[in-house]
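The lines below spell out each chain.
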Amino acid sequence: MIKIAAAVTAVVIFLIVLIALIIGKSASQKKDGVQAGLYKIRSLYFYFLIAAIVGVLFITLKPGAMPYTSLQSGEPALVVNVTARTWSWDLSTNQIPENSLVEFDVQSEDVTHGFGIYSPEGKILAQTQVMPGYTNRLRYTFTKPGNYKIMCMELCGVSHHNMMYDLFVGQTSDLKTEASKKGETK
Amino acid sequence: MTNVEKNKVTITRLTSLITVTVMVLFLVLVLLGFLMRVSQGAIIQLPPDFFYAIMTLHGLGMAGTLFVGGITAISFLLSKYVNLSTGLMKLNFGLILVGVVGLVIATLIGRFGAGWYVLYPLPFLEGAWPRWTVVTVIVSVMLLGVAWLLWQLDILRAIVVRYKLNGFLGWKYFSEKPEGEEVPPLVIISSVSVIAGALTTVFGALMLMLYLIQWINPDMHFNALLMKNLVFLFGHTIVNITMYFGLGIVYELLPNYTGRPWKSNKFIAYAWNAALVFVLVAYFHHLYMDFAQPVALHFIGQVASYLSTVPATVVTIFGAMAQFYKSGLKWKFAPLAMGLSLMGWLIGGFIAVVDSTIIVNNFFHNTLWVTSHFHTYYLLGFVLMQFAFIYDYFDVKSEGSSKLSLYMMLIGGYGIITMFAVAGVNSVPRRYASYVNIPFESVVKSGQSTAAIASIFALVLIVGVLLVYKNILSSFKNRW
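Worth saying up front: this structure is predicted, and the values here are computed from it rather than measured.

For the rest of this paragraph, the subject is the overall build of chain A. Helix and strand counts for chain A come out as three helices and nine strands. Start at the N end of chain A and walk to the C end: the helices and strands fall as α-α-β-β-β-β-β-β-β-β-β-α. Here the C-alpha radius of gyration of chain A, 24 Å, is well above what a compact globule of 186 residues would show, namely 16 Å. With the principal axes as the frame, chain A shows a C-alpha extent of 80 × 40 × 30 Å. Counting only residues that meet the buried cut, chain A has 32% of its 186 residues in that class. Considering only intrachain contacts with a sequence separation of at least 6, the fraction spanning at least 24 residues in chain A is 65%.

In structure tokens, the structure reads:
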């Protein structure tokens, strides 16, 4: 998704710069009555834009693709209770079975934090805010084993940039039994 | 000298005074930004409490400074059409100065570092910073809010007095044959901006009152989700209408250089009335990652963010293209800066639209991608519009070094935002005082190297800004 978003952005920026250069180059050559031609293109652009917006909204707003649990189907195989406080994480377990739907129920004891899951390669995979007074539920299925990290994604004070935690993802037989006992399995 | 002439002289002097203040503050805040990037690039190492304090001052300061720069420019341009209160303008300037001093003391001396958005309840985190800094920030932002509210209400009053209810938002252009005097686009844009701004400033004031109550009685607590909605309704709108002020400058000044009129019509009226609706609900995109927020509001946030591109591009961008296209204009600093600012606005806007897609925001939220978006908006959009206004206002003649300064700003600015975007794509989180302890070498390297390269671009930008200032100050006497 990140790559698609970056590529689309790069293409659109290229087009914007190209159009700006064409318009800019033409500006110093005076010719009257040329605005009508531009306004004809505007009508076409208007219909194209509306169609593009409707199309992209249709593709991107599919309820199943949303990160919100109220729109998702299926029951999680494991629920991990997460408590955030300045500047540490407390997880009921950090031993996560691969290829299983896991739900992180995140709460804060003090200020708002951000619960961001990073892959072993250092790419952000999913996140939710951790707001005092609320339990935010984030579901994710880890498809590869490895050492994942939790990083804080919301400014929470002077040690915000040091607020991290380990998540181990593997086959059930590889996970530490003691730690996994703390997890609440549905 | 008649009262009207006296009024004109006072507004001109106030515009000069406030504009120079804005220029000084802007430069200082850019230097703070440079310092942050140098530290993130591990060239020097700022203590984290100092980093977050200057980050807070940089954010709050830029949002406030550019808003004041924009509303000052708009007020001067509007004074051609309507009678604004000069007494109120003086009072507002005084309140703003006191507010700025308060913020500087709370951050640089008290090390208050809760970020520009003072996300509840972080300001009240025990032991994070002295208690006095919290009330100093609350009262300072309240003073700024009062000044902005009074200023916006005065603009609205002055416009309604002259253009009446069917004119101030351009509603009369909805009919096939609009009657009465013409309403300049600047007036419609200003009305839309100050209505949105005044309305949301009231919500911001409510939030600050609740902060004050909790400061007085620490046992009281408020709903964090409500507070977050309030702060972004206020903050997002203020930033957004700053951009609208910039567009008002372009609508008003560009025809002077192209020789083509840019008059109100039903398209402009429809577009800016639609913008008024979208600007008030688009802020929901700041809360996509707050899963406790009703899902419907997330959907509204994305739809509104997408739809806001329709009036922006169909009317404003095409209108501007029709201004430039084969107009025979001479590329002086002001029209060049305006053209480039529209390009920056479009690019920054598209980066924002990408991030306003919920399934994309899932990856980009609170990464440096977001930082890339609003720096493009501000630095390569609004600031260029503001400088175009200042050049036009002071009638600056030195065109040779002016263009060089503009190109330096462009190279510096696009370098800075590209580094933010690259880091965002590499999942580098924003608002990190240091990347050293991030447990991924790829993220540390990306964060530090992009910050270090951005520092060089920031230097180029600073030299460009100083050159612009040199030319402006040499023409300062033209308006004093």
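After that view of the structure, there is still more to cover.
This part takes up the interface of chain B and chain A. Each side of the interface is counted separately: chain B has 65 residues, and chain A has 70 residues. Those elements giving two or more residues to the side of chain B that touches chain A turn out to be α2 (48-78), α6 (224-258), α8 (295-307), α9 (309-324), α10 (333-355), α11 (358-364) and α14 (441-474) of chain B. Here the side of chain B that touches chain A takes eight residues from α9 of chain B, the largest share from any one element. Here the side of chain B that touches chain A is built from residues that sort into 43 nonpolar, 18 polar and four charged.

Under the domain assignment used here, chain A contains domain 1 (36-65) and domain 2 (69-181). Once you take the C-alpha centre of each, domain 1 of chain A and domain 2 of chain A turn out to be 37 Å apart.

The subject of this paragraph is the sheet that holds strand β7 (residues 136-141) of chain A. Residues and elements named next belong to chain A. Sheet architecture is open: four strands sit in the order β2-β1-β4-β7, paired in mixed fashion. Edge positions in the sheet fall to β2 (88-91) and β7, since each of these pairs with one other strand and no more. Recorded for the sheet is a direction-independent mean angle of 25 degrees between the axes of neighbouring strands. As paired elements, strand β4 (residues 101-108) and β7 share six bridges and run antiparallel to each other. When the bridges of β7 are listed, F104 appears paired with L138.

This part is about the nonpolar core. If you look at the biggest cluster of nonpolar residues, it comprises 218 residues, and the most contacted ones within it are I188, V192, I249, V250, A337, M338 and A388 of chain B. Residue contacts for V192 of chain B: discarding those within four places in its chain leaves L169, Y244, W272, A275 and L276 of chain B.

Parameters at a glance
- Residues numbered from 1 in each chain as written.
- Chains lettered and ligands numbered in written order.
- Predicted model: local features only at pLDDT ≥ 70, side-chain atom pairs only at ≥ 80, totals over all residues.
- Helix = DSSP H or I, 4+ residues; strand = E, 2+ residues; numbered from the N terminus.
- Rg over C-alpha atoms; globule rule 2.2 N^0.38 Å.
- Buried ≥ 20, exposed ≤ 12 C-beta atoms within 10 Å, placed from the backbone.
- Contact = placed C-beta atoms within 7 Å.
- Nonpolar A, V, L, I, M, F, W, Y, C, P; charged D, E, K, R; others polar.
- Domains from an automatic or database assignment.
- Pairing = 2+ DSSP bridges.
- Axes fitted to C-alpha atoms, helices over the stretch in contact; angles between N-to-C directions.
- Core = buried A, V, L, I, M, F, W, Y, C linked by C-beta atoms within 7 Å.

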